[in-house]
Amino acid sequence: MALQTLYDAPTLTISYDHVNNWLYLDWHGALDDESVMAGALKLLELLKQENCRKVLNDNTHITGLWADAAQWGSDVFFPMLHEAGCRYFSWVYSPERYSQLSAQLAVEHTTAGITIMTFQTLDTAAEWLQRM
């Protein structure tokens, strides 16, 4: 990936991949509802700015339970992301079980119209997104 960092915060780095024309989200540390929601809104802003249709969302470096933010994501955020032009969202699970449960909650309950796939490894997530 040829990445240009667009945003760097304690729990999230968002980069633009010039080769694949997608945003890469590298979440890190212990997440809570507030940090997830703030990061998601920053993603929305940058997706519009870069005119992207794809997101590679990497949770391999996180811990924590953020179930309320997951519910907000499925009900509010993903529809906003779809409206902003996102069509494909590739999600790499955290190895930590509580974070996996939060991610599953967000993915399973959204009806936003975005094709969302979940993966255990970054390589398989990137390969799928490249085919879309």
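Below is a short write-up of the structure. The shown structure was predicted, so the numbers you read here are calculated from the model rather than taken from an experiment.

Definitions and cut-offs
- Residues numbered from 1 in each chain as written.
- Predicted model: local features only at pLDDT ≥ 70, side-chain atom pairs only at ≥ 80, totals over all residues.
- Heavy atoms only, no water.
- Phe/Tyr/Trp six-rings, centres within 6.5 Å; stacked < 30°, edge-to-face > 60°.
- Helix = DSSP H or I, 4+ residues; strand = E, 2+ residues; numbered from the N terminus.
- Buried < 20%, exposed > 50% of the residue type's maximum accessible area, 1.4 Å probe, protein only.
- Expected span 1.5 Å × (residues − 1).
- Bend = angle between axes of the 7 residues up to and from the residue.
- Contact = heavy atoms within 4.5 Å.
- Core = buried A, V, L, I, M, F, W, Y, C linked by side-chain atoms within 4.5 Å.
- Pairing = 2+ DSSP bridges.
- Axes fitted to C-alpha atoms, helices over the stretch in contact; angles between N-to-C directions.
- Disulfide = S-S within 2.5 Å.

Here the structure, examined in full by the defined rule, presents 7 aromatic pairs. When the centroid spacing of 6.3 Å and the interplanar angle of 45° are considered together, the rings of F78 and W91 count as tilted. On the criterion of sequence distance, the pair formed by F78 in helix α2 (residues 67-83) and W91 in strand β5 (residues 88-92) is long-range, its members being 13 residues apart. Across this residue pair, the class does not change: F78 and W91 are buried. Each member of the aromatic cluster is reached from another via a ring pair, and the members are W72, F77, F78, F89 and W91.

The terminal C-alpha atoms of α2, which comprises 17 residues, lie 23 Å apart, in line with the 24 Å expected from a rise of 1.5 Å per residue. A maximum bend of about 50° is found in α2 at G73. Elements in contact with the buried residues of α2: α1 (33-50), β5, α3 (97-108) and β6 (115-119). The first or second residue beyond α2 is G85, which carries a positive phi of 115°.

In this section: the nonpolar core. Note on soluble globular proteins: their nonpolar side chains tend to be buried together. By size, the foremost hydrophobic cluster in this structure holds 34 residues, and its most contacted members are L23, L43, W66, F78, L81 and F89. Elements represented by at least two residues in this core include exactly β2 (12-17), β3 (22-30), α1, β4 (54-63), α2, β5 and α3. Beyond its immediate chain neighbours, meaning those up to four positions away, F78 contacts G73, F89, W91, A106, T110, A112, I114 and I116. With 9 residues, the next largest nonpolar core counts Y24, V92, A126 and L129 among its residues.

Here we come to the sheet that holds β2. The strand order across the open sheet formed by 6 strands is β1-β2-β3-β4-β5-β6, and the pairing between neighbours is mixed. In this open sheet, the two strands that pair with only one neighbour each are β1 (3-8) and β6. Between one strand axis and the next, the sheet turns through 20° on average, direction left out of account. Where β5 meets β6, 5 bridges bridge the pair, whose relative direction is parallel. Across the sheet, the residue bridging to F89 is I116, located in β6. On the sheet, α1 packs against β1, β2, β3, β4 and β5 and is oriented at approximately 165° with respect to β3.

Moving on: the state of the cysteines. A covalent bond bridging the sulfur atoms of two cysteines is what the word disulfide describes. In total, this model carries 0 disulfides according to the counting rule given. Summary of cysteine pairing: C52 is not part of a disulfide, and the nearest cysteine sulfur, belonging to C86, is at 8.8 Å. Since its relative accessible area comes to 2%, C52 is described here as buried.

With respect to the element layout, L129 can be found in helix α4 (residues 122-131). When its relative accessible area of 0% is taken as the criterion, L129 is described as buried. Residues L129 and Y16, spaced 113 residues apart in sequence, show a C-alpha to C-alpha distance of 14 Å. Apart from residues lying up to four places away in sequence, L129 is in contact with W22, K54, V55, L56, Y88 and S90.

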